[in-house]
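# Results of the structural survey
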Amino acid sequence: MKFMHRERHRTEHIGWLRAAVLGANDGIISTASLVVGVAAAQASHASIMTTAVAGLVAGAMSMAAGEYVSVFSQADTEKADLAREHRELAENPEAEHRELTAIYTQRGIAPALASEVATQLMAHDALGAHARDELGISEALSAKPLQAALASAASFAVGAVLPLAVVMLAPGPSLLAWTVATAIFFLALLGVLAARIGGAPVVKSASRVALWGTLAMAITAGVGAMFGAAP
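The following paragraphs examine the structure supplied in this document. (Residues numbered from 1 in each chain as written. Predicted model: local features only at pLDDT ≥ 70, side-chain atom pairs only at ≥ 80, totals over all residues. Heavy atoms only, no water.)

As a further point, take the overall build of the chain. When you go through the chain residue by residue, the secondary structure sums to seven helices and zero strands. In sequence order, the secondary structure elements of the chain are arranged as α-α-α-α-α-α-α. The burial tally for the chain puts 36% of its 231 residues in the buried class. For the chain, the proportion of contacts with a sequence separation of at least 24, taken over those separated by at least 6, is 75%. If you sum the accessible surface of the chain, you get close to 13,500 Å²; carbon and sulfur atoms cover 68% of it. (Helix = DSSP H or I, 4+ residues; strand = E, 2+ residues; numbered from the N terminus. Buried < 20%, exposed > 50% of the residue type's maximum accessible area, 1.4 Å probe, protein only. Contact = heavy atoms within 4.5 Å. Areas by Shrake-Rupley, 256 points an atom, 1.4 Å probe, with all protein chains shown as cover.)

Dropping the structure here:
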């Protein structure tokens, strides 16, 4: 008796991973940058705390809304392409068969075998075969708006909680230094985690995330110091 070998591929995680990493990254960078900017402007601890909380709430809602609209647009495009393909299959199945055969031939399959493969796949699930091999739409990579929105909002909130906790716990005089240092550490850690899950180079991923986060905080601190009240 033969058993099917079940393989786990990283592309299975690409939908939620992209949204989760993007959300957490934005949560850390946005909230930490707000804190750094307001702290550099010589604001009170209460103002800094209020800014961090407001940034967490507003950012999570913004990420959810933006991700939902973006991915929903992708889903609408996929539905439109599938509807068109369904019509073409109904109106001219021979042409669609030739199209699928040509795709398999270009991938290196002999023409006669490619034609037989196309015949069998179309007999089993014509729309599914064309969606996967012609349009590039698969179950693992298909758009899931609600999943992406919830993942983005939740991950943003988790990321934003980290600099918020630093604001609550760090000593007042060294709040700015603590926020910058911990934010860079959290961003690097996020880069490592994303690389581990997605199979990317760890050092490159961590360095890239930390570098852009540091740049964002530096620019925000400069703006805060420029327009803030004098000490």
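On to the side chain of Ser-155, then. As for its placement among the helices and strands, Ser-155 is situated in helix 5 (residues 145-169). Among the residues examined, Ser-155 registers a relative accessible area of 9% and is labelled buried. At 2.6 Å, the side chain of Ser-155 and the backbone oxygen of Ala-151 are in polar contact. (Polar contact = N/O pair within 3.5 Å; in protein donor to acceptor, adjacent residues only side chain to side chain.)

A few words on the environment of His-130. Within the element layout of this structure, His-130 appears in helix 4 (residues 111-133). By relative accessible area, His-130 is classed as buried at 0%. For His-130 and Leu-82, which are 48 residues apart along the polypeptide, the C-alpha to C-alpha distance reads 8.8 Å.

The next thing to look at is a nonpolar patch on the surface. The grouping of Leu-211, Trp-212, Leu-215, Ile-219, Val-223, Met-226 and Phe-227 at the surface amounts to a nonpolar patch, some 830 Å² of accessible area in total. The residue Leu-211 is located in helix 7 (residues 202-227) in this model. Assessed through its relative accessible area of 56%, Leu-211 is described here as exposed. (Patch = residues over 30% accessible without salt bridge, like charges linked within 9 Å, V, L, I, M, F, W, Y side chains within 5 Å. Salt bridge = Lys/Arg side-chain N within 4 Å of Asp/Glu carboxyl O.)

Attention shifts here to helix 4. The end-to-end C-alpha separation of helix 4 is 16 Å, well short of the 33 Å expected for 23 residues at 1.5 Å each. Of all the bends found along helix 4, the most pronounced is centred on Asp-125 and spans about 120°. All of the buried residues in helix 4 are Ala-114, Ala-118, Met-122, Ala-126, Gly-128, Ala-129, His-130, Ala-131 and Asp-133. Each element contacted by the buried residues of helix 4 is listed here: helix 2 (45-91) and helix 3 (93-106). (Expected span 1.5 Å × (residues − 1). Bend = angle between axes of the 7 residues up to and from the residue.)

Let us now look at unusual backbone geometry. Leave glycine aside and you will find that most residues have negative phi; peptide bonds, for their part, are mostly trans. In this model, Gln-42 sits at a positive phi of 65°, which is unusual for a non-glycine residue. By the element assignment, Gln-42 lies in the loop between helix 1 (14-40) and helix 2. A relative accessible area of 45% means that Gln-42 is categorised as partly exposed.

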